[in-house]
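# A look at the structure
Chain by chain, the residues:
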Amino acid sequence: MFRTNICDLLNIEYPILQGGMAWISDADLAAAVSNAGGLGVIAGGNAEKHIVEKQITRIQSLTQKPYALNVMLLSPFVDDIIDLAIEKKVPIVITGAGSPGKYIERLKAANIKIIPVVASVALARRMESLNVDALIAEGMESGGHIGELTTMALVPQVIDSVNIPVIAAGGIADGRGAAAAFMLGAQGIQVGTRFLVAHECNVHAAYKGMVISAKDTSSVISGRSTGHPVRILKNKLYRQCAELEKQNASPEAIDALGVGALRKAAVDGDIQFGSVMAGQVAGLIKKEESSEEIIKQIFTECETVILKNFKMVANK
Ligand code: TUI
C-alpha cells in the first residue's frame, strides 16, 4: 500500500528514512533499519574522516541493502567526508545544516544519489535546479539543528514549489504522523527520535531514558542568538545557555558551552551537562523496540488510520 516513487528511487521496501543523528546513528542502527526495509543513515556529524570510514566499512559488512551517509555541512571535516563518500562508493548522500551546492557536481559524477535537507522553499528550489534526486523538508519539530517553519506549513509549500519527490521530516514518530505526511503529499517520511530508542541504537542508555520519560513540553530551542538554533531536551546545560543569552553574552561564549556537548550526552551519558537533542515527539515515545518493530508498527498504524478516517469522511 505504501510503495511510493521514493521506494523505487532508493531501492527500499518502505518509504521511511532513519534520521541521521550525529554521535548516535552508527552502522549498527543504520544496518538494522536498512535490513528491515527502510533506509538506514550513518551520521557523519562533526567526526573526522577515519571515524566515519570505520562505520562505512562496518555497514558494508552488515547489510547488502542500500544505506545513506548524512553529511553535516557545518562540520570542519566536510570536504574529507565528501571525498570519503566518493571513495567508498556510498550509494546515497543526505546533507544537512546548509547548502551542499558546491559538492553536488562531484557526487553526481560519482553516481551517488543526493538528497539535501531543506528548511525553506528558496533552498528547495535552488537544490532542484542543481538536479538533486529528492528533498527532505524538515520542520522545526525535529531534534537538533532546525529551521524556522513547522512540518505542517513547510512540507506542502515545498511540494508545490518543486517537481522532485519530497520526504517529510520533523514531528513524525508513529503511523498517525506518517499518514498526515502522506496526506500533505510527501512521498516518504524521515523518523529520527523514535529510532534513537531502537534496541540497535548504541546511544547511551541514560539518553534513551531521557527521551522515553520526556513529556510534550520537555524540548526547547537553544542557541537562537548564535544563529545555529538546536532543539534539545531541557537540562542543566540548557539553563546555563539560557542564562548566558539573558545576559547578552557573545555568540562565541554561548557556542563554547555547546562544544563537545552532544558527544558528552550521547556517548558518555552525561544528560545534565551534555546536549540531549531530540524532537518534540519525544513525548510520544514510550518504549524501546527493534527497528523492524518500529517500521512495521508505523506502517500498520498508518494504513489503519487512513482507512478509518476515509470511512469517517465517506459516511457523511
Ligand atoms: O542538520 C540537521 N540536524 C542536525 S545537525 C546536528 S550537529 C550540530 N551540532 C551543533 C550545532 C549545529 C549542528 C544536529 N542536528 N538537520 C537538517 C537540517 N538542515 N535542518 C535544517 C537544515 C537547514 C537549515 C538551513 C538546511 C539548510 C539551511 O539553509 C542553508 C542555506 O544556505 O540556505
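Here goes a summary of the coordinates provided. For every chain, the first residue of the written sequence is number 1, and numbering continues from 1 along that sequence. Two thresholds apply to this predicted model, a pLDDT of at least 70 for residue-level local features and 80 or more for giving and counting side-chain atom pairs, whereas whole-chain, interface and lining totals are computed over all residues. Processing note: side-chain calculations cover all non-hydrogen atoms of the structure and skip hydrogens and water entirely.

## What to know about the overall build of the protein
Of regular secondary structure, the protein possesses 14 helices and 11 strands. Radius of gyration: over C-alpha atoms. The globule rule applied is 2.2 Å multiplied by the number of residues raised to the 0.38 power. Radius of gyration (C-alpha) of the protein: 19 Å, near the 20 Å computed for a compact globule of 316 residues. Judged by the C-alpha coordinates and their principal axes, the protein covers about 55 × 50 × 40 Å. Relative to its full complement of 316 residues, the protein shows a buried share of 52%. We call two residues contacting when some pair of their heavy atoms lies within 4.5 Å. Intrachain contacts of the protein at a sequence separation of at least 6 include 63% that bridge at least 24 residues. Carbon and sulfur atoms make up 52% of the accessible area of the protein, which amounts to about 14000 Å² in all. We score Asp and Glu as negative and Lys and Arg as positive, and we do not count His or the chain ends. Taken as the charge location is NZ of Lys, CZ of Arg, CG of Asp or CD of Glu. Counting 31 positive and 32 negative side-chain charges, the protein places the centres of these two groups 4 Å from one another. Starting at the N terminus, helices and strands are each numbered in turn, a helix being any DSSP run of H or I of at least four residues and a strand any DSSP run of E of at least two. Burial status follows relative accessibility: with a 1.4 Å probe on protein chains alone, a residue under 20% of its type maximum counts as buried, one over 50% as exposed, and anything between as partly exposed. Residue burial considers only the protein chains on display, and all accessible areas are found by Shrake-Rupley using a 1.4 Å probe.

## A short note on the site of the ligand
The environment of the ligand is formed by 14 residues, the closest being A97, V117, L123, E138 and H145. Contact with the protein chains hides 74% of the accessible area of the ligand, taken as 720 Å² for the molecule alone. Those elements that place two or more of their residues in the shell around the ligand are α6 (121–129) and β7 (144–145). Under the scheme applied here, ten amino acids are nonpolar (Ala, Val, Leu, Ile, Met, Phe, Trp, Tyr, Cys and Pro), four are charged (Asp, Glu, Lys and Arg), and all others, including Gly, are polar. Broken down by class, the residue content of the shell around the ligand amounts to six nonpolar, six polar and two charged. Definition of nearness: a residue and a molecule or strand are near each other if at least one heavy atom of the residue lies within 4 Å of the molecule or strand.

## Here's the deal with the sheet that holds strand β2 (residues 40–43)
By the convention used here, strands pair only if DSSP detects at least 2 bridges between them. The eight strands are arranged β1-β9-β8-β6-β5-β4-β3-β2 in an open sheet whose pairing can be described as parallel. Edge positions in the open sheet fall to β1 (16–18) and β2, since each of these has one partner strand only. Geometrically, the sheet is characterised by an average inter-axis angle of 25° between neighbouring strands, direction not taken into account. Sheet analysis places strand β5 (residues 113–118) next to strand β6 (residues 135–138), joined by two bridges and oriented parallel. Counted as the bridge partner of V117 is I136 from β6. Lines fitted to C-alpha atoms define the axes, with helix axes restricted to the stretch in contact, and inter-axis angles between N-to-C directions lie between 0 and 180 degrees.

## Looking at the packing of helix α2 (residues 27–35) against helix α3 (residues 49–62)
Between α2 and α3, whose axes approach to 9 Å, the crossing angle comes to 35°. Helix-helix and strand crossings are classified by hand; for α2 and α3 the assignment is right-handed. Facing A27, D28, A30, A31 and N35 of α2, the residues of α3 in contact are Q55, R58, I59 and L62. Taken together, the residues of the contact of α2 with α3 break down into five nonpolar, two polar and two charged. Crossing handedness: left-handed means the near helix sits turned counterclockwise from the far one by under a right angle, and right-handed means the same turn made clockwise.

## Brief notes about the packing of helix α11 (residues 236–246) against helix α12 (residues 251–258)
How two helices pack is summed up by the angle between their axes together with the distance between the axes. Closest axis-to-axis distance for the α11/α12 pair is 10 Å, and the angle between their directions is 175°. By the criterion of interaxial angle, the relationship of α11 to α12 is roughly antiparallel. Contacts between α11 and α12 involve L237, Q240, C241, L244 and E245 from the first element and A253, I254 and L257 from the second. Across the contact of α11 with α12, the residue classes break down as six nonpolar, one polar and one charged. For this classification, under 35 degrees means roughly parallel, over 145 means roughly antiparallel, 65 to 115 means roughly perpendicular, and everything else is oblique.

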